[in-house]
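These are the residues of each chain, in order.
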Number of protein chains: 2
Amino acid sequence: MEQLQTIKVALLGFGTVGGGVFELLEKRKEEMPDKIGVEVEIKKILVRDKSKKRLGIEQEVFTDSWNEIIEDEEIQVVIEVMGGIEPARSYILEALCAGKHVVTANKDLLAEHGKELLDTAAKYGCDLMFEAAVAGGIPIIRPMKQCLAGNDISEIMGIVNGTTNFILTKMSEEGMSYQEALKKAKELGYAEADPTADVEGYDAGRKIAIMASIAFHSRVTFFDVYIEGITKITEKDIAYAKELGMRIKLLGVAKHIEEGIEVKVHPMLLSKEHPLANVADSFNAVFVHGDALDDAMFMGRGAGALPTASAVVGDLIDVVRNMKFHCNGRIGCSCYKEVPVKKIEETSSKFFMRLQVKDKPGALAGVANVLGNSGVSIAQVVQKAGDGSFAELVVITDVVQEGSFQDAITILGGMSMVKEISSVVRVYA
Amino acid sequence: MEQLQTIKVALLGFGTVGGGVFELLEKRKEEMPDKIGVEVEIKKILVRDKSKKRLGIEQEVFTDSWNEIIEDEEIQVVIEVMGGIEPARSYILEALCAGKHVVTANKDLLAEHGKELLDTAAKYGCDLMFEAAVAGGIPIIRPMKQCLAGNDISEIMGIVNGTTNFILTKMSEEGMSYQEALKKAKELGYAEADPTADVEGYDAGRKIAIMASIAFHSRVTFFDVYIEGITKITEKDIAYAKELGMRIKLLGVAKHIEEGIEVKVHPMLLSKEHPLANVADSFNAVFVHGDALDDAMFMGRGAGALPTASAVVGDLIDVVRNMKFHCNGRIGCSCYKEVPVKKIEETSSKFFMRLQVKDKPGALAGVANVLGNSGVSIAQVVQKAGDGSFAELVVITDVVQEGSFQDAITILGGMSMVKEISSVVRVYA
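Since we're looking at a predicted model, the values are computed, not measured.

What to know about the overall build of chain A
The helix and strand tally for chain A stands at 14 helices and 16 strands. Over its C-alpha trace chain A gives a radius of gyration of 24 Å, about what one expects of a compact globule, namely 22 Å for 429 residues. Overall, chain A is about 90 × 45 × 35 Å in size when its C-alpha atoms are taken along their principal axes. Going through the 429 residues of chain A one by one, you find that 58% of them count as buried. A fraction of 72% describes how many contacts in chain A between residues 6 or more apart in sequence connect residues 24 or more apart. Carbon together with sulfur atoms contributes 48% to the accessible area of chain A, which is approximately 16,900 Å² in total. In chain A, 48 positive and 62 negative side-chain charges are present, and the distance between their average locations comes to 3 Å.

Considerations on helix α13 (residues 363-373) of chain A
Residues and elements named next belong to chain A. Within the sequence span of α13, burial applies to A363, G366, V367, V370 and L371. Each buried residue of α13 sits inside an arc of 130° when the element is viewed along its axis, so together they form one side. Against β13 (348-358), β14 (378-383), β15 (390-401), α14 (402-413) and β16 (418-427) lie the buried residues of α13. Just past α13, the residue G375 takes up positive phi, approximately 80°.

Let's talk about the relation of the copies chain A and chain B
Once turned by 180° and shifted 0.0 Å along the axis, chain A lies on chain B with an RMSD of 0.1 Å. What we have between these two chains is a two-fold relation. Within chain A, the C-alpha atom positioned nearest to the axis of rotation is that of F298(A), 2.3 Å from it. In this assembly, 100% of the residues forming the interface of chain A have copies in chain B that are likewise at the interface, indicating an isologous arrangement.

A short note on the nonpolar core
I140(A) and I140(B) are the most contacted members of the largest nonpolar core, which totals 166 residues. With near-sequence residues (within four places) excluded, I140(B) lies in contact with E131(B), V134(B), A135(B), M211(B), V286(B), V288(B) and F298(B).

Some remarks on the interface of chain A and chain B
The interface of chain A with chain B comprises 51 residues on the first partner and 51 residues on the second. Overall, the association of chain A and chain B removes approximately 4,400 Å² of surface from exposure, summing both partners, and the carbon and sulfur fraction of that is 54%. Of all residues in chain A, C147(A), R330(A) and Y336(A) give up the largest surface area on contact with chain B, accounting jointly for 15% of the area buried on that side. At the junction of chain A and chain B, the tally comes to ten salt bridges. In this structure, D294(B) engages R301(A) in a salt bridge whose closest nitrogen and oxygen atoms are separated by 2.6 Å. If you look at where chain A meets chain B, you find 28 residue pairs in polar contact (both at pLDDT 80 or more). Among the elements of the structure, α1 (16-28), α2 (32-36), α6 (141-147), β12 (294-301) and α12 (305-324) of chain A are those that each provide at least two residues to the side of chain A that touches chain B. Per-element accounting of the side of chain A that touches chain B gives the leading share, nine residues, to α12(A).

What about the environment of S282(A)?
Residues and elements named next belong to chain A. Within the secondary structure, S282 sits in the loop between β10 (260-271) and β11 (283-290). Using a relative accessible area of 10% as the deciding quantity, one classes S282 as buried. Ignoring sequence-local partners within four residues, the contact set of S282 consists of G162, F166, Y190, R301 and G302. Polar contacts involving the side chain of S282 include one to the side chain of R301, which spans 3.2 Å.

Considerations on the sheet that holds strand β6 (residues 128-129) of chain A
Residue and element names in this part refer to chain A. An order of β3-β2-β1-β4-β5-β6 is seen for the six strands of this open sheet, with the pairing classed as parallel. Strands with a single pairing partner mark the edges of an open sheet, and in this sheet they are β3 (62-63) and β6. Here strand β1 (residues 6-12) runs beside strand β4 (residues 75-80); their pairing, made up of five bridges, is parallel. When the bridges of β4 are listed, V9 appears paired with V77. Against the sheet, α1 engages β1, β2 (39-46) and β4, with an angle of about 155° to β2.

Side note on empty space enclosed by the protein
Counted according to the given criterion, the structure contains eight cavities of 30 Å³ or more. Taken as a whole, the largest cavity holds about 230 Å³ of empty space. What lines the largest cavity is a set of 20 residues, and nearest its centre among them are L128(B), M129(B), R142(B), K145(B) and I331(B). Counting residues per element, the ones that place at least two in the lining of the largest cavity are α5 (107-123), β6 (128-129), α6 (141-147) and α12 (305-324) of chain B. Sort the elements by how many residues they give to the lining of the largest cavity and α6(B) lands first, with four residues. Forming the boundary of the second largest cavity are 14 residues, of which M129(A), R142(A), K145(A), Q146(A) and I331(A) lie nearest the centre. Of all the elements in the fold, those that place two or more residues in the lining of the second largest cavity are β6, α6 and α12 of chain A. Broken down by element, the lining of the second largest cavity gets its largest block of residues, four residues, from α6(A).

A closer look at the packing of aromatic side chains
Per the stated rule, a full pass over the model turns up 15 aromatic pairs over all chains. Ring geometry for W66(B) and Y91(B): centres 4.4 Å apart, planes at 15°, overall stacked. Within this pair, whereas W66(B) is found in helix α3 (residues 66-70), its partner Y91(B) is found in helix α4 (residues 88-97), the two being separated by 25 residues in sequence. Its relative accessible area of 7% is what places W66(B) among the buried residues. Among the aromatic side chains, those forming a connected cluster through ring pairs are F14(A), F22(A) and F62(A). One Lys or Arg, K419(A), reaches over the ring of F390(A) and ends 4.8 Å from the middle of that ring.

Quick notes on the side chain of Q146(A)
With respect to the helices and strands, Q146(A) occurs in helix α6. Residue contacts for Q146(A): discarding those within four places in its chain leaves R330(A), I331(A), R142(B), Q146(B), G314(B), D318(B) and R321(B).

Considering the pattern of salt bridges
Tallied over the entire structure, the rule returns 66 salt bridges over all chains. Among the salt bridges present, the one from E68(B) reaches K44(B), with a minimum N-O distance of 3.2 Å. One end of the pair, E68(B), is in helix α3; the other, K44(B), is in strand β2 (residues 39-46), with 24 residues separating them in the sequence. For K44(B), a relative accessible area of 13% translates into the label buried. A cluster of three or more residues bridged by salt bridges with shared partners is formed by E228(A), E259(A), E262(A), K264(A), K342(A), E402(A) and R426(A).

Overview of the confidence of the model for chain A
Here chain A averages 95 in pLDDT, and 99% of its residues register 70 or above. Scoring of the predicted complex yields 0.95 for pTM and 0.94 for ipTM.

A word on helix α7 (residues 162-174) of chain A
One turn of an α-helix holds 3.6 residues; hence residues three or four places apart share an orientation. Residues and elements named next belong to chain A. With 13 residues, α7 should cover 18 Å at 1.5 Å per step; its first-to-last C-alpha distance of 17 Å lies within 8% of that length. Summarising burial for α7: eleven of the 13 residues are buried, a large majority. Looking at the packing, one finds that the buried side of α7 touches β7 (153-159), α8 (178-187), α9 (196-199), α11 (235-243), β9 (246-257) and β11. G175, located one to two residues past α7, shows a positive phi value of around 65°.

About the criteria used
- Residues numbered from 1 in each chain as written.
- Chains lettered and ligands numbered in written order.
- Predicted model: local features only at pLDDT ≥ 70, side-chain atom pairs only at ≥ 80, totals over all residues.
- Heavy atoms only, no water.
- Helix = DSSP H or I, 4+ residues; strand = E, 2+ residues; numbered from the N terminus.
- Rg over C-alpha atoms; globule rule 2.2 N^0.38 Å.
- Buried < 20%, exposed > 50% of the residue type's maximum accessible area, 1.4 Å probe, protein only.
- Contact = heavy atoms within 4.5 Å.
- Areas by Shrake-Rupley, 256 points an atom, 1.4 Å probe, with all protein chains shown as cover.
- Lys, Arg positive; Asp, Glu negative; His and termini not counted.
- Charge placed at Lys NZ, Arg CZ, Asp CG, Glu CD.
- Arc of directions from axis to C-beta.
- Least-squares fit on C-alpha atoms with pLDDT ≥ 70 in both.
- Core = buried A, V, L, I, M, F, W, Y, C linked by side-chain atoms within 4.5 Å.
- Buried area = accessible area lost by both parts, 1.4 Å probe.
- Salt bridge = Lys/Arg side-chain N within 4 Å of Asp/Glu carboxyl O.
- Polar contact = N/O pair within 3.5 Å; in protein donor to acceptor, adjacent residues only side chain to side chain.
- Pairing = 2+ DSSP bridges.
- Axes fitted to C-alpha atoms, helices over the stretch in contact; angles between N-to-C directions.
- 1 Å grid on protein atoms, 1.4 Å probe; cavity = no way out; pocket = protein on both sides within 12 Å on 5 of 7 lines; lining within 4 Å.
- Points joined across faces, edges and corners; volume = space filled by probe spheres on them.
- Phe/Tyr/Trp six-rings, centres within 6.5 Å; stacked < 30°, edge-to-face > 60°.
- Lys NZ or Arg CZ within 6 Å of the ring centre and 35° of its normal.
- pLDDT = per-residue confidence, 0-100.
- Expected span 1.5 Å × (residues − 1).

Pasting the structure below:
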């Protein structure tokens with residue numbers, strides 16, 4: 001009988017996700033030979049402080065030396081879960097050059113240096129898998145690269161940041177203010193001490209860049225994405241959304257239309273009937289439209305140790321299956337087109353705008369004139385009774401050029417009858 | 001420069017799905033070399049009547065002779081979309097024996113003869129792919145076999161029949177009777193002239209058998225599935241569901257618990273907050289629970305020419321990628337366990353029961369006694385004012401053994417104070 005082969009793996013990073021990957025691989029250890037015909041062993045774990053005691057794991061598994069891993073010819077797969085650009089980028093490139101396959105959960109890296117990494121993987125015939133980099137445990141990369149490969153995908157829209165979805169859910173369902181909801185998210189470990197990357201939309205921006213690249217077969221980087229976060233969303237906006245039968249969600253939106261690719265992250269008003277509107281708390285979901293598939297949605301846990309580990313271990317199993325069949329690299333970069341990404345001004349949106357205007361006749365007409373002159377047509381207006389000096393005016397536009405709308409906003413902001421433009425939120429059309 | 005290779009394919013069947021596959025492959029024809037480095041040509045289409053004119057397709061492509069296809073060594077992939085057990089089964093087996101890869105949308109065949117087909121594919125080193133056999137365009141087979149391969153999946157629950165979901169949606173949202181909704185479904189082409197396979201739950205039963213086999217790594221066939229359809233659901237049941245804040249859906253449910261696998265198809269009351277409760281019209285959705293992943297849901301079009309073609313072409317692209325890397329068969333049958341399937345009586349459910357009882361003191365006590373004596377505990381009772389002779393009683397039980405509940409039903413049915421057991425519907429717990 002042939003002896004069971006053992007695939008040896010190195011884990012770079014032992015934080016939340018690294019711990020999850022270790023735990024899940026331990027849990028599945030005995031089943032691996034049945035599952036994929038080999039055993040899987042984590043031979044080395046790269047950490048900053050190798051002397052730190054970690055219960056139940058032998059000390060010699062830990063190392064603080066990358067050289068020890070890259071020079072170890074027994075290690076055939078590297079799992080990178082340390083995050084950040086450097087040294088992760090260099091380690092991954094070196095690993096690929098050395099013929100080691102790579103599984104990574106690193107969205108920052110993929111969204112900024114995806115092409116370099118995938119080109120290097122292709123050059124050395126290695127796998128580079130990153131299902132965990134987008135929407136945590138939810139299968140989305142492989143479904144798009146394989147299951148939906150027959151489609152022309154024209155749109156992806158996703159709730160791909162659990163922290164902001166939790167905050168917006170608390171604001172909507174429990175009437176919390178943004179600050180209260182953020183505090184709650186921190187208490188529950190959904191938000192980091194510095195929540196900037198989440199609440200400003202950068203995290204979602206990285207994910208939508210990666211998904212857009214795959215969906216449209218054309219490289220989209222983090223720097224191509226127009227990004228607005230949720231920090232300016234107020235209780236009043238949430239209340240108006242409810243009144244209009246809608247909900248506010250932070251969405252990553254990517255569209256491929258004739259003239260190019262649109263790719264944005266911003267809060268958006270969605271009808272509460274839309275499947276994404278009902279994705280609550282820290283859940284993530286990705287909505288895809290393909291010409292054959294029609295609409296589809298994938299929902300699940302977008303973060304957390306074990307959901308992310310689920311994606312990482314799924315990738316690792318795929319890498320091992322490829323190793324057994326000597327077909328690593330069979331699905332690499334799928335960007336075979338070069339489609340330009342449109343500037344935000346050239347894209348179109350429908351807008352919700354809330355402003356404080358002087359409570360006297362002619363104010364609405366003044367606002368309407370400015371919008372009309374800028375080519376912004378109005379779909380709906382709500383004017384609440386004022387206090388004698390100021391009144392709140394809510395305008396919902398038709399779908400208009402972003403550039404035209406921004407021009408109108410600039411003019412409105414300078415008008416004496418407009419005290420304040422309190423909020424501008426896009427509306428799903 | 002190397003000349004571009006052409007992969008030649010045969011299509012078995014040219015009905016709705018076959019037409020969709022042809023249309024989609026034509027649409028993607030020019031992009032295939034960029035996508036997968038080869039051209040794809042449908043060399044032959046097997047039909048009953050080859051003399052029938054089909055606009056825009058050359059007559060010589062059509063054949064009524066299977067021999068012409070099986071003996072053609074240029075044909076490397078067979079796409080089976082004719083449906084039914086025979087001759088599809090024989091054709092697929094012969095194709096695999098001849099070293100031709102197979103893509104099929106045939107749920108009947110997979111649910112009854114899955115093992116035979118997959119074993120044959122493995123023996124001849126061929127791919128046998130069937131993403132289209134479950135939930136149409138929704139990626140579910142590949143996500144379970146690959147993306148979620150690191151999980152211990154304990155539960156799958158799905159709305160996997162669009163016809164019945166359409167009917168139940170119409171009953172719930174527009175107050176239609178079952179017969180009216182069925183008529184509407186036929187008018188719109190959602191239901192066939194003979195709707196038996198859909199409304200009796202057989203179609204859903206085939207799909208849940210296939211999904212359970214993959215999720216639990218143990219072969220489950222159509223004959224293992226306990227099946228109840230939706231023909232007995234009345235407007236009254238729908239009205240009670242609403243009153244209770246729930247919706248009735250036809251669900252395929254498969255669970256892997258310590259003592260074995262439970263696999264059933266039946267209508268079920270679900271809280272309207274449950275993600276599956278909001279899957280309306282002819283949409284399908286599959287809910288999966290994995291130990292690492294937690295909850296996830298996949299939603300989309302479960303039928304129709306192009307959504308099904310989306311899955312078929314995705315499989316075909318995967319087969320071609322495998323051909324290029326000489327790794328066909330890399331992911332075959334994943335049933336490496338043998339877990340017993342439990343008898344329905346041994347499984348547990350929570351029940352909604354509606355009965356007509358004599359409108360006199362002691363009726364409720366009588367019913368409660370029978371339930372109690374059978375070991376069925378009651379969670380909730382609703383008694384409506386009667387007409388002096390009969391009153392309607394609704395009982396919702398706790399989670400109880402199906403066997404105990406059936407015993408209680410038998411006794412209740414024989415009691416003089418019980419005029420009729422009007423309906424029994426399971427409740428999601």
